[in-house]
Amino acid sequence: MKQYSLRTLIGFVIFIAIDSQFVYSQEIRKFGQQGTWELGGSAAYINSTQVTNGNTGSTISAFLLSPYVGVFLTDGFEIGINPLGYSTTSSINSSTTSINTFIAPSYNFKTETALFPFIEAQIGYTSMNDKITLSSPFNTTVETKRGGMSWGGRAGIKGEIVSHGLLNIAIQYQQRNLTPDGATNRSGYNEIFFSLGFTLWL
């Protein structure tokens, strides 16, 4: 069902983008030119696998919200920032909140339609806050804060569905490093995303 829905969504974006080129064909060619700004954000569905002391653990699912701002330094080459990516997971007695900040250089490829394939690298910092409520004594809450460098990448396609408005579809991978000082083996998370976003270009 998910595969069918994804194929339908991608097909819809391609149809709208190709159809819209006849209306915005002259204007859309300006996207990706030097000096262009891109503003917006995305929501992502995450499969996250925990790594503790070098050992791979269980996989959980979560949603990530990420604002975005970028500027084209040259035609096609963009420097972007994800200033405050936010995700949270919770169970009956515990919760984990994650905040990410990434610098994201990317390259956007021009085509003869209103579609723009792109590739993007990401490097930045992740801060995580874990809370566990202990039933005894007196429902005590134990809070742990961790942080470390993270990196990843994203690849996908942008399609103009309204004038100066782009729908973004992408597959993304991130590796979050939360290894304690002095540890010899890595701790953190390996994550695979499917993201859907909307950006305006100016």
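Scoring rules and cut-offs
Here, residues in each chain are numbered from 1, in the same order as that chain's written sequence. Given that the model is predicted, a residue must reach a pLDDT of at least 70 before its local features are reported, and side-chain atom pairs must reach 80 or more before they are shown or counted; all residues, however, enter totals for whole chains, interfaces and linings. Neither water nor hydrogens contribute to the side-chain values; these are computed over all heavy atoms in the structure. Think of it this way: any DSSP run of H or I at least four residues long counts as a helix, any run of E at least two long counts as a strand, and we number them from the N terminus. Burial classes follow relative accessibility: with a 1.4 Å probe on protein chains only, a residue under 20% of its type's maximum area counts as buried, one over 50% as exposed, and anything between as partly exposed. In this analysis, two residues are considered to be in contact whenever any of their non-hydrogen atoms come within 4.5 Å of each other. Computed by Shrake-Rupley with a 1.4 Å probe, the accessible areas treat only the displayed protein chains as cover when residues are assessed. In summary, the pairing rule links any two rings of Phe, Tyr or Trp, Trp by its six-membered ring, whose centres are within 6.5 Å, and it sorts them by plane angle into stacked for under 30 degrees, edge-to-face for over 60 and tilted for everything else. Two conditions define a charge located above a ring, namely a distance within 6 Å from the ring centre to NZ of Lys or CZ of Arg, and an angle within 35 degrees of the ring normal. Think of pLDDT as the predictor's per-residue confidence, scored from 0 to 100. Within this scheme, the nonpolar core is defined by two criteria: the residues are buried Ala, Val, Leu, Ile, Met, Phe, Trp, Tyr or Cys, and they are joined through side-chain atoms within 4.5 Å. Whether two strands pair depends on DSSP finding at least two bridges between them.

Here we take up the overall build of the protein. Counting its regular elements, the protein contains 1 helix and 8 strands. Element order for the protein, N to C, with α for helix and β for strand: α-β-β-β-β-β-β-β-β. Residues counted as buried form 35% of the 202 residues belonging to the protein. In the protein, the share of contacts with a sequence separation of at least 24, taken over all contacts with a separation of at least 6, comes to 58%. Carbon and sulfur atoms make up 64% of the accessible area of the protein, which totals about 11,200 Å².

Let us now look at the packing of aromatic side chains. Tallied over the full model, the rule gives 5 aromatic pairs. Ring plane angle 80 degrees and centroid distance 5.4 Å describe the contact between F31 and F72, whose orientation is recorded as edge-to-face. A residue pair is termed long-range when its members are at least 10 positions apart, and F31 in the loop between α1 (2-28) and β1 (37-52) and F72 in strand β2 (residues 55-74) qualify at 41 residues. Judged by relative accessible area, which is 1%, F31 ranks as buried. With centroids separated by 5.9 Å and ring planes inclined at 65 degrees, the aromatic side chains of F31 and W201 adopt a geometry described as edge-to-face. Residue F31 is found in the loop between α1 and β1, and its partner W201 is found in strand β8 (residues 188-201); the two are separated by 170 residues along the sequence. The class of W201 is buried, set by a relative accessible area of 3%. A network of ring pairs unites the aromatic residues F31, F72, F116 and W201 as a single cluster. The ring of F118 is capped by K158, whose NZ or CZ atom sits 4.9 Å from the centre of that ring.

For N168, the position within the fold is in strand β7 (residues 165-177). Leaving out residues up to four positions away in the same chain, N168 has contacts with E38, I157, K158, S195, L196, G197, F198 and T199.

This part takes up the confidence of the model for the protein. In this model, the protein carries a mean pLDDT of 81, and residues with pLDDT of at least 70 account for 79%. Of all secondary-structure elements in the protein, the lowest mean pLDDT belongs to α1, at 56, while β7 reaches the highest, 91.

What follows is about the nonpolar core. Core analysis: the biggest nonpolar cluster contains 5 residues, these being F31, F72, F116, L166 and W201. Not counting residues within four places of it along the chain, the set of residues in contact with F72 comprises F31, G32, Q33, Q34, G35, T36, E38, F77, E78 and N108.

Within a regular strand, the side chains alternate between the two sheet faces. Taken together, the 13 bridges between strand β4 (residues 94-108) and strand β5 (residues 115-134) define a ladder with antiparallel strand orientation. Bridged to S94 within β5 is I132. Looking at chain direction, β5 and strand β6 (residues 140-162) are connected through 20 bridges and run antiparallel. Residue D130 lies in a different strand from β6, and its bridge partner there is T144.

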